[in-house]
Amino acid sequence: MKEIIVGIDLGTTNSAIAYVKDGVPEIIPIDGQPTMPSCVGIDPQGKLLVGLPARNMLIAAPESTIHSIKRRMGEPVKVTLAGQQFSPEEISSFILRKLKEEAEKFLGQPVKKAVITVPAFFDASQRKATQNAGELANLEVVRIINEPTAAALAYEAGHSDNERILVYDLGGGTFDVSVVVIENDVVEVQASHGDTHLGGDDFDELLVQRVVDDFHAKHQIFLSEDPKTMRRLKLSLERAKCALSDEPLVMVREEYIHGDLHLEMELQRADYEEMIEPYLQKTLDCIHKSLQDARLLPGEIAKVMLVGGSTRTPLVHQLIEANLNLVPRWEINPDLIVALGASISAASMAGEKSKAILVDITGHSFGIEALSFTEEGEMLVNTPIIHRGTPLPVSKSELFHTVHDNQREVEITVFEGEDRIPAKNTLVGQFRVEGLSEAGHGNPILVTFNLDLNGMLTVTATERVTGLKKSVTLDTRNVHASFDLAAARQNIMSLVDQDVLELEEPGEDSEPVDSHALLVSAKELRKRAEALLENKVTEEDAVEIRELLRKSAEAVKAKDIESLQPLNDSLSDIIFYLED
Ligand code: AMP
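Thresholds, definitions, all that
- Residues numbered from 1 in each chain as written.
- Predicted model: local features only at pLDDT ≥ 70, side-chain atom pairs only at ≥ 80, totals over all residues.
- Heavy atoms only, no water.
- Pairing = 2+ DSSP bridges.
- Helix = DSSP H or I, 4+ residues; strand = E, 2+ residues; numbered from the N terminus.
- Contact = heavy atoms within 4.5 Å.
- Axes fitted to C-alpha atoms, helices over the stretch in contact; angles between N-to-C directions.
- pLDDT = per-residue confidence, 0-100.
- Expected span 1.5 Å × (residues − 1).
- Buried < 20%, exposed > 50% of the residue type's maximum accessible area, 1.4 Å probe, protein only.
- Parallel < 35°, antiparallel > 145°, perpendicular 65-115°, else oblique.
- Left-handed = near helix turned anticlockwise from the far one by under 90°.
- Nonpolar A, V, L, I, M, F, W, Y, C, P; charged D, E, K, R; others polar.

Caption draft 1: Inspection of the sheet that holds strand β5 (residues 40-42) at higher detail. The strand order across the open sheet formed by three strands is β6-β5-β7, and the pairing between neighbours is antiparallel. The strands lining the two open edges of the sheet, one partner per strand, are β6 (48-50) and β7 (65-66). Here β5 runs beside β7; their pairing, made up of two bridges, is antiparallel. When the bridges of β7 are listed, Gly 41 appears paired with Thr 65. Its contacts with the sheet place helix α2 (residues 88-107) against β5, β6 and β7, and it is angled at close to 70° to β6.

Caption draft 2: Examining the confidence of the model for the protein more closely. Looking at the protein as a whole, the pLDDT averages 88, with 91% of positions reaching at least 70. Counted against residues more than four places away or in other chains, residues 497-513, with its pLDDT under 50, gives 25 contacts.

Caption draft 3: Up close: helix α9 (residues 337-349). Compared with an ideal rise of 1.5 Å per residue, which puts 13 residues at 18 Å, α9 spans 19 Å between its outermost C-alpha atoms and is within 8% of the ideal. Burial in α9 covers these residues: Ile 337, Val 338, Ala 339, Leu 340, Gly 341, Ala 342, Ser 343, Ile 344, Ser 345, Ala 346 and Ala 347. Backbone geometry just after α9 places Gly 351 at a positive phi near 80°.

Caption draft 4: Structural context of the packing of α2 against helix α3 (residues 124-136). Orientation of α2 relative to α3, taken along the N-to-C sense of each, is 55°, at an axis distance of 8 Å. In terms of orientation, α2 lies oblique with respect to α3. When you trace α2 past α3, the crossing you get is right-handed. Counted together, Glu 89, Glu 90, Ser 92, Ser 93, Leu 96 and Arg 97 of α2 and Ala 129, Asn 132, Ala 133, Gly 134 and Leu 136 of α3 form the full contact between these two elements. For the contact of α2 with α3, the per-class residue count stands at four nonpolar, four polar and three charged.

Caption draft 5: The packing of helix α4 (residues 147-156) against α9, seen in detail. The N-to-C vectors of α4 and α9 enclose an angle of 80°; their axes lie 7 Å apart at closest approach. Judged by the angle between their axes, α4 and α9 are roughly perpendicular. Between α4 and α9, the contacting residues are Glu 147, Ala 150, Ala 151, Leu 153, Ala 154 and Tyr 155 on the first element and Ile 337, Val 338, Gly 341, Ala 342, Ile 344 and Ser 345 on the second. Of the residues contributing to the contact of α4 with α9, the split by class is nine nonpolar, two polar and one charged.

And the structure:
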């Protein structure tokens, strides 16, 4: 049985484990989930609990549960758990042991070796402590790699683009940003900055404080006086915060939060994003510092990759795009990307090649036309709901409002594209919602877009006060169907190769796009093969190349599309072996 080296993301809030199967990185589920809370507890019977069961105990018995131990790694301290003292290495080893055992069950074979990731800013003692935790869990830590390196590997395995990549990692408790360069499959961190106490937990705190203040204003009761209530609030508001990444508003409901009193409060994304903006500004400062350290201008960054659960917040995307003029990449699940990248590094240590992870994303934004009140006055603008670069399938909602008093209908006009001016985008479809209630202007209408992997976009408009709903499904692949291929070909005739165009007059049942591609690549391959003949190739190879060139030219002349595919394949094979 072939030995498997696993990749482990030992995170502050959550951990994950992955391995490479047939060249493709894959997550190993823990307790049925892709990630495992980095929590350790001891139950009233003295049994060790790790992961989800430990996190579930956090509310009922916080003194018997430890979380965020990663923050203490490398410190000569002990933490108390159910009256017993443990070092951070020991607590981390419980987490690693559970990951190892679950992986062994899943894979049906022993797991003895691992690559473990650490933040780029971890010093030698923190790295050593991580290694020790591995050894305590009976895992040989074959390599410790930086988290941004792992993230870059997940996107770029197999490429050697010499590109500069910015990895922006905003998790639950920490933030860091790194500039990495991939050169000939070696990933190097050029600069790294961050804040070890900035992340989603801070955002939760702000929301908890908002709710506590609001409840006090209404009932003159301080919910903050009861630690159990506070932990309940924290969990509930963290859920609400995550929902705000996809919905413009959420309702928070907690029954009997204090005596007979219930909590019921609506949170709006716009308010929430205003609250967290100062924190996000700090992350932007870190980006600029790391660019300075790497002696780079923002324009020299080729890609921005997002890591960590908190990067799902739409404002994070907006600020990065505005600051760096790049659409950030986040198609690989930001909770899993580090473990997946670690498994790629692990596989390469085991002598295996793996592929970069490919995920479907939207190439364009999808939005609707809405009235906007700008400095220049009122104007109709294209307002995106799903932004380009979003992984598929996806569901996103935004809130819009009627403009007139007693407005009984709204027109929903859906566009594909990023331009603010509606006419400069592609019209996807249009429908009308009639029968709205009699209300003053500002009647809220929730518009939800569901886009699936096949390009089917379901648009639902709901009047919030009545629940009146209308839904249509639009095929976004048809939006370019009116493209006049023949006219376009005519238009470019003078600029491209005549032989390719002329040969490619489609017959009744031929497939114009495929045969065109085949002809273009035949031409390209012949050029490269001819170049090979000018280099040093053996006489035997030269004979084979000349024969293929002759047959390929004949097939093109005879419009023999069927023979062209195998000839292209053969040319491509020989080029692969002989080109440097
Ligand atoms: P990590 O440390 O990478 O596991 O990230 C955990 C943090 O991401 C926690 O603070 C989560 O509340 C936050 N998070 C997870 N999903 C979302 C989401 N959809 N929107 C905003 N924050 C999220």
